[in-house]
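Descriptive structure summary
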Amino acid sequence: MPGNSILLNKFANGKKKFAPLVDPDKFSLSGIRGFARSSEKAGVDFIFYGGSLVKENNHHKYISVLKEHCSAPVILFPGNQLMIAEDADGILLLSLISGRNAEMLIGRHVVAAPFLKRCRFEILPTGYMLIENGHPTAVSYMSNTTPIPAGQDDIAMCTAIAGELLGLQLIYMDAGSGAESPVRLPMIKKVKQSLTIPLIIGGGIRTATQARDAARSGADVVVVGNAIEKDPSLIHELCEAVHSLDKS
Ligand code: 1GP
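Residues numbered from 1 in each chain as written. Predicted model: local features only at pLDDT ≥ 70, side-chain atom pairs only at ≥ 80, totals over all residues. Heavy atoms only, no water.

Details of the site of the ligand
Contacts to the ligand come from 13 residues, most closely from Asp174, Gly178, Gly204, Gly225 and Asn226. Between the ligand and the protein, one listed contact pairs an oxygen atom with a side-chain N or O atom of Asp174 at 2.4 Å. In the environment of the ligand, an oxygen atom lies 2.8 Å from a nitrogen or oxygen atom belonging to the backbone of Gly225. When isolated, the ligand has an accessible area of 310 Å², and the protein chains bury 97% of it. Here the ligand is seated within the largest pocket. Taken together, the residues that form the shell around the ligand break down as four nonpolar, eight polar and one charged. (Near = heavy atom within 4 Å. Polar contact = N/O pair within 3.5 Å; in protein donor to acceptor, adjacent residues only side chain to side chain. Areas by Shrake-Rupley, 256 points an atom, 1.4 Å probe, with all protein chains shown as cover. 1 Å grid on protein atoms, 1.4 Å probe; cavity = no way out; pocket = protein on both sides within 12 Å on 5 of 7 lines; lining within 4 Å. Sits in = over half its atoms within 2 Å of the grid points. Nonpolar A, V, L, I, M, F, W, Y, C, P; charged D, E, K, R; others polar.)

Below you can see the structure in the form of C-alpha coordinates.
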(Lines give C-alpha, C1' and ligand atoms only; values in the text may rest on other atoms or scores of the structure.)
Protein backbone atom coordinates (compact mmCIF):
# COMPACT_ATOMS: atom_id res chain seq x y z
CA MET A 1 0.00 0.00 0.00
CA PRO A 2 1.36 3.46 -0.85
CA GLY A 3 2.79 5.38 2.10
CA ASN A 4 0.92 8.60 1.47
CA SER A 5 -2.78 7.88 1.86
CA ILE A 6 -4.50 11.24 2.26
CA LEU A 7 -6.85 10.55 -0.64
CA LEU A 8 -7.50 6.99 0.37
CA ASN A 9 -8.53 8.20 3.83
CA LYS A 10 -10.90 10.64 2.18
CA PHE A 11 -12.49 7.80 0.20
CA ALA A 12 -12.88 5.79 3.40
CA ASN A 13 -14.17 8.48 5.76
CA GLY A 14 -17.68 6.98 5.83
CA LYS A 15 -19.36 9.99 4.16
CA LYS A 16 -21.23 9.75 0.88
CA LYS A 17 -19.27 11.34 -1.92
CA PHE A 18 -19.94 12.65 -5.39
CA ALA A 19 -17.40 12.75 -8.23
CA PRO A 20 -18.19 14.24 -11.63
CA LEU A 21 -16.17 12.64 -14.43
CA VAL A 22 -14.45 14.78 -17.06
CA ASP A 23 -13.65 13.14 -20.36
CA PRO A 24 -11.11 15.68 -21.67
CA ASP A 25 -11.97 14.95 -25.31
CA LYS A 26 -15.47 16.22 -24.74
CA PHE A 27 -14.57 19.64 -23.29
CA SER A 28 -13.01 22.79 -24.68
CA LEU A 29 -10.72 24.74 -22.39
CA SER A 30 -13.50 27.19 -21.53
CA GLY A 31 -15.83 24.24 -20.99
CA ILE A 32 -13.37 22.79 -18.51
CA ARG A 33 -13.23 26.13 -16.71
CA GLY A 34 -17.03 26.25 -16.41
CA PHE A 35 -17.08 22.65 -15.24
CA ALA A 36 -14.48 23.37 -12.55
CA ARG A 37 -16.37 26.42 -11.30
CA SER A 38 -19.68 24.53 -11.11
CA SER A 39 -17.91 21.66 -9.33
CA GLU A 40 -16.49 24.06 -6.75
CA LYS A 41 -19.87 25.70 -6.21
CA ALA A 42 -21.64 22.36 -5.87
CA GLY A 43 -19.04 21.13 -3.36
CA VAL A 44 -18.03 17.92 -5.17
CA ASP A 45 -15.67 15.61 -3.32
CA PHE A 46 -13.40 14.60 -6.20
CA ILE A 47 -13.10 15.26 -9.91
CA PHE A 48 -12.43 12.09 -11.88
CA TYR A 49 -10.52 12.72 -15.10
CA GLY A 50 -10.28 10.31 -18.02
CA GLY A 51 -12.00 7.92 -20.38
CA SER A 52 -11.42 4.65 -22.19
CA LEU A 53 -10.16 6.38 -25.36
CA VAL A 54 -8.62 9.83 -25.00
CA LYS A 55 -7.36 11.30 -28.28
CA GLU A 56 -5.98 14.68 -27.19
CA ASN A 57 -2.98 15.23 -24.97
CA ASN A 58 -3.94 18.44 -23.22
CA HIS A 59 -3.91 17.00 -19.72
CA HIS A 60 -1.38 19.43 -18.23
CA LYS A 61 -3.41 22.45 -19.25
CA TYR A 62 -6.80 20.94 -18.44
CA ILE A 63 -5.81 19.68 -15.01
CA SER A 64 -4.21 23.05 -14.13
CA VAL A 65 -7.48 24.78 -15.01
CA LEU A 66 -9.48 22.29 -12.95
CA LYS A 67 -7.19 22.82 -9.97
CA GLU A 68 -7.18 26.59 -10.35
CA HIS A 69 -10.97 26.79 -10.14
CA CYS A 70 -11.90 23.87 -7.91
CA SER A 71 -10.46 22.71 -4.61
CA ALA A 72 -11.56 19.07 -4.99
CA PRO A 73 -8.74 16.60 -5.68
CA VAL A 74 -8.36 15.60 -9.34
CA ILE A 75 -8.07 11.85 -9.74
CA LEU A 76 -7.00 10.17 -12.95
CA PHE A 77 -9.31 7.46 -14.26
CA PRO A 78 -7.03 6.28 -17.04
CA GLY A 79 -7.98 4.26 -20.11
CA ASN A 80 -4.30 3.58 -20.75
CA GLN A 81 -0.78 4.54 -19.68
CA LEU A 82 -0.73 7.60 -21.99
CA MET A 83 -3.05 9.24 -19.52
CA ILE A 84 -0.58 9.46 -16.65
CA ALA A 85 -0.53 13.19 -15.92
CA GLU A 86 1.57 14.25 -12.96
CA ASP A 87 -0.47 17.37 -12.31
CA ALA A 88 -3.29 15.25 -10.85
CA ASP A 89 -3.60 14.53 -7.12
CA GLY A 90 -4.03 10.81 -7.54
CA ILE A 91 -4.65 7.95 -9.91
CA LEU A 92 -7.04 5.00 -9.79
CA LEU A 93 -4.61 2.22 -10.64
CA LEU A 94 -7.23 -0.01 -12.20
CA SER A 95 -7.00 -3.77 -12.35
CA LEU A 96 -9.94 -5.00 -14.43
CA ILE A 97 -10.91 -7.87 -12.14
CA SER A 98 -14.24 -8.61 -13.82
CA GLY A 99 -12.36 -9.58 -17.00
CA ARG A 100 -9.88 -12.26 -17.94
CA ASN A 101 -7.57 -10.14 -20.05
CA ALA A 102 -4.12 -10.38 -18.48
CA GLU A 103 -3.09 -7.05 -20.06
CA MET A 104 -5.79 -5.27 -18.06
CA LEU A 105 -5.11 -7.24 -14.90
CA ILE A 106 -1.33 -6.70 -14.79
CA GLY A 107 0.28 -6.20 -18.24
CA ARG A 108 -0.33 -2.44 -18.62
CA HIS A 109 0.67 -1.92 -15.00
CA VAL A 110 4.10 -3.42 -15.65
CA VAL A 111 4.65 -0.95 -18.50
CA ALA A 112 3.44 2.00 -16.41
CA ALA A 113 5.17 0.98 -13.16
CA PRO A 114 8.49 2.87 -13.52
CA PHE A 115 6.63 6.09 -14.43
CA LEU A 116 4.13 5.67 -11.62
CA LYS A 117 6.90 5.03 -9.13
CA ARG A 118 8.41 8.45 -9.94
CA CYS A 119 5.12 10.34 -9.79
CA ARG A 120 4.37 12.44 -6.75
CA PHE A 121 0.64 11.77 -6.79
CA GLU A 122 -1.16 9.21 -4.68
CA ILE A 123 -1.74 5.79 -6.17
CA LEU A 124 -5.09 4.19 -5.39
CA PRO A 125 -5.06 0.45 -6.22
CA THR A 126 -8.57 -0.20 -7.53
CA GLY A 127 -10.46 -3.35 -8.49
CA TYR A 128 -12.43 -2.29 -11.55
CA MET A 129 -15.55 -4.32 -12.34
CA LEU A 130 -17.56 -3.86 -15.50
CA ILE A 131 -21.23 -4.76 -15.19
CA GLU A 132 -23.30 -5.60 -18.24
CA ASN A 133 -26.05 -3.11 -19.02
CA GLY A 134 -27.80 -4.27 -22.17
CA HIS A 135 -25.44 -3.12 -24.90
CA PRO A 136 -21.67 -3.11 -25.50
CA THR A 137 -19.86 -0.09 -24.05
CA ALA A 138 -16.63 1.57 -25.19
CA VAL A 139 -14.81 0.19 -22.19
CA SER A 140 -15.81 -3.44 -22.75
CA TYR A 141 -14.75 -3.14 -26.40
CA MET A 142 -11.47 -1.33 -25.63
CA SER A 143 -10.56 -3.67 -22.80
CA ASN A 144 -11.54 -6.78 -24.75
CA THR A 145 -13.36 -8.16 -21.71
CA THR A 146 -16.83 -9.46 -21.01
CA PRO A 147 -18.71 -7.64 -18.27
CA ILE A 148 -20.33 -9.47 -15.35
CA PRO A 149 -23.98 -10.19 -16.32
CA ALA A 150 -26.37 -7.67 -14.76
CA GLY A 151 -28.30 -10.23 -12.70
CA GLN A 152 -25.30 -12.16 -11.37
CA ASP A 153 -25.03 -10.52 -7.97
CA ASP A 154 -23.11 -13.43 -6.45
CA ILE A 155 -20.42 -13.29 -9.14
CA ALA A 156 -20.11 -9.55 -8.53
CA MET A 157 -19.89 -10.10 -4.77
CA CYS A 158 -17.24 -12.84 -5.02
CA THR A 159 -15.21 -10.80 -7.52
CA ALA A 160 -15.24 -7.80 -5.18
CA ILE A 161 -14.27 -9.95 -2.18
CA ALA A 162 -11.39 -11.45 -4.20
CA GLY A 163 -10.25 -7.93 -5.07
CA GLU A 164 -10.25 -6.89 -1.43
CA LEU A 165 -8.42 -10.07 -0.36
CA LEU A 166 -5.77 -9.38 -3.01
CA GLY A 167 -5.10 -6.08 -1.27
CA LEU A 168 -6.88 -3.65 -3.59
CA GLN A 169 -7.99 -0.53 -1.72
CA LEU A 170 -11.12 0.47 -3.66
CA ILE A 171 -13.72 -1.34 -5.76
CA TYR A 172 -15.26 0.48 -8.74
CA MET A 173 -18.37 -1.13 -10.26
CA ASP A 174 -19.11 0.50 -13.59
CA ALA A 175 -21.97 -0.11 -16.01
CA GLY A 176 -19.85 1.80 -18.55
CA SER A 177 -20.02 5.33 -19.82
CA GLY A 178 -23.44 6.15 -21.25
CA ALA A 179 -24.90 2.82 -20.08
CA GLU A 180 -28.60 2.42 -20.77
CA SER A 181 -29.19 1.54 -17.15
CA PRO A 182 -26.98 1.91 -14.07
CA VAL A 183 -25.74 -0.98 -11.92
CA ARG A 184 -28.84 -2.55 -10.28
CA LEU A 185 -29.42 -1.59 -6.65
CA PRO A 186 -29.57 -5.18 -5.27
CA MET A 187 -26.13 -5.82 -6.76
CA ILE A 188 -24.73 -2.65 -5.16
CA LYS A 189 -26.24 -3.70 -1.82
CA LYS A 190 -24.86 -7.21 -1.96
CA VAL A 191 -21.37 -6.13 -2.95
CA LYS A 192 -21.25 -3.37 -0.35
CA GLN A 193 -22.29 -5.76 2.44
CA SER A 194 -19.38 -8.04 1.57
CA LEU A 195 -16.68 -5.35 1.55
CA THR A 196 -14.78 -3.35 4.11
CA ILE A 197 -13.14 -1.11 1.48
CA PRO A 198 -14.94 1.81 -0.24
CA LEU A 199 -17.22 1.13 -3.20
CA ILE A 200 -17.42 3.45 -6.21
CA ILE A 201 -20.44 3.22 -8.54
CA GLY A 202 -20.80 4.76 -12.00
CA GLY A 203 -22.19 4.33 -15.47
CA GLY A 204 -25.61 5.38 -16.74
CA ILE A 205 -26.62 7.52 -13.74
CA ARG A 206 -28.62 10.45 -15.10
CA THR A 207 -30.88 11.71 -12.34
CA ALA A 208 -30.65 12.84 -8.73
CA THR A 209 -32.93 9.95 -7.75
CA GLN A 210 -30.62 7.39 -9.37
CA ALA A 211 -27.59 8.97 -7.70
CA ARG A 212 -29.28 8.97 -4.29
CA ASP A 213 -30.49 5.39 -4.72
CA ALA A 214 -26.98 4.18 -5.62
CA ALA A 215 -25.56 5.91 -2.55
CA ARG A 216 -28.33 4.64 -0.31
CA SER A 217 -27.74 1.09 -1.55
CA GLY A 218 -24.09 1.24 -0.59
CA ALA A 219 -22.06 3.37 -3.00
CA ASP A 220 -19.49 5.38 -1.06
CA VAL A 221 -18.74 7.42 -4.17
CA VAL A 222 -21.17 8.07 -7.03
CA VAL A 223 -19.63 9.00 -10.41
CA VAL A 224 -21.48 10.78 -13.23
CA GLY A 225 -20.04 11.78 -16.61
CA ASN A 226 -22.37 11.82 -19.63
CA ALA A 227 -25.40 13.37 -17.96
CA ILE A 228 -23.33 16.35 -16.77
CA GLU A 229 -21.75 16.78 -20.20
CA LYS A 230 -25.27 17.10 -21.62
CA ASP A 231 -26.59 19.34 -18.85
CA PRO A 232 -23.87 20.95 -16.71
CA SER A 233 -26.47 22.43 -14.36
CA LEU A 234 -27.20 18.88 -13.11
CA ILE A 235 -23.98 18.83 -11.14
CA HIS A 236 -25.56 20.70 -8.22
CA GLU A 237 -28.60 18.47 -7.80
CA LEU A 238 -26.63 15.25 -8.25
CA CYS A 239 -24.11 16.31 -5.65
CA GLU A 240 -26.80 17.51 -3.28
CA ALA A 241 -28.75 14.24 -3.69
CA VAL A 242 -25.74 12.16 -2.68
CA HIS A 243 -24.69 14.45 0.18
CA SER A 244 -28.27 14.62 1.51
CA LEU A 245 -27.94 11.05 2.80
CA ASP A 246 -25.37 12.18 5.37
CA LYS A 247 -27.84 14.74 6.70
CA SER A 248 -30.81 12.37 7.09
C1 1GP B 1 -17.96 5.76 -16.77
O2 1GP B 1 -18.69 5.47 -14.52
C3 1GP B 1 -18.40 6.40 -15.51
O4 1GP B 1 -16.86 4.97 -16.62
C5 1GP B 1 -19.51 7.39 -15.73
O6 1GP B 1 -20.48 6.90 -16.61
O7 1GP B 1 -20.72 8.72 -18.29
O8 1GP B 1 -22.55 7.05 -17.96
O9 1GP B 1 -22.10 8.78 -16.22
P10 1GP B 1 -21.52 7.94 -17.30
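Topic: the packing of aromatic side chains
One pass over the full model with this rule turns up eight aromatic pairs. Note on Phe11 and Phe48: the rings are 6.5 Å apart at their centroids and 40 degrees apart in plane angle, and the pair reads as tilted. Residue Phe11 is located in helix α1 (residues 6–11), and its partner Phe48 is located in strand β2 (residues 47–51); the two are separated by 37 residues in the primary sequence. Under the relative-accessibility criterion, Phe11 is labelled buried at 1%. For Phe48, a relative accessible area of 0% puts it in the buried group. Chaining the aromatic ring pairs together yields one cluster made of Phe11, Phe46, Phe48, Phe77, Tyr128 and Tyr172. Lying across the ring of Phe46, Lys10 places its NZ or CZ 5.2 Å from the centre. (Phe/Tyr/Trp six-rings, centres within 6.5 Å; stacked < 30°, edge-to-face > 60°. Helix = DSSP H or I, 4+ residues; strand = E, 2+ residues; numbered from the N terminus. Buried < 20%, exposed > 50% of the residue type's maximum accessible area, 1.4 Å probe, protein only. Lys NZ or Arg CZ within 6 Å of the ring centre and 35° of its normal.)

Side note on the layout of surface pockets
Taken as a whole, the largest pocket spans an internal volume of roughly 880 Å³. Around the largest pocket, the lining is made up of 48 residues, and of these Gly51, Ser52, Pro78, Gly79 and Val139 lie nearest the centre. For the lining of the largest pocket, the elements supplying multiple residues, two or more each, are β2, β3 (74–78), β4 (90–96), α4 (102–118), α5 (138–143), β6 (170–174), β8 (221–224) and α9 (226–230). By volume, the second largest pocket is sized at about 210 Å³. (Points joined across faces, edges and corners; volume = space filled by probe spheres on them.)

Comments concerning the packing of helix α6 (residues 153–165) against helix α7 (residues 185–194)
Where α6 meets α7, the closest approach of the two axes is 9 Å, and the angle between their N-to-C directions is 30 degrees. Our classification of the angle between α6 and α7 gives roughly parallel. For α6 against α7, the interelement crossing comes out right-handed. Along its contact with α6, which presents Asp153, Asp154, Ala156, Met157, Ala160, Ile161 and Glu164, the element α7 presents Pro186, Met187, Lys190, Val191 and Ser194. Class assignment for the residues of the contact of α6 with α7 results in seven nonpolar, one polar and four charged. (Axes fitted to C-alpha atoms, helices over the stretch in contact; angles between N-to-C directions. Parallel < 35°, antiparallel > 145°, perpendicular 65-115°, else oblique. Left-handed = near helix turned anticlockwise from the far one by under 90°. Contact = heavy atoms within 4.5 Å.)

Brief notes about the nonpolar core
Among soluble globular proteins, nonpolar side chains are generally buried collectively. Counting residues in each nonpolar core, the largest one holds 62 residues, and the members touching the most others are Phe18, Val44, Tyr49, Met129, Ile171, Met173 and Val222. Top contributing element to this core by residue count: helix α10 (residues 234–247), with six residues. (Core = buried A, V, L, I, M, F, W, Y, C linked by side-chain atoms within 4.5 Å.)

Purely geometric stuff here, so don't read any function into it on its own.
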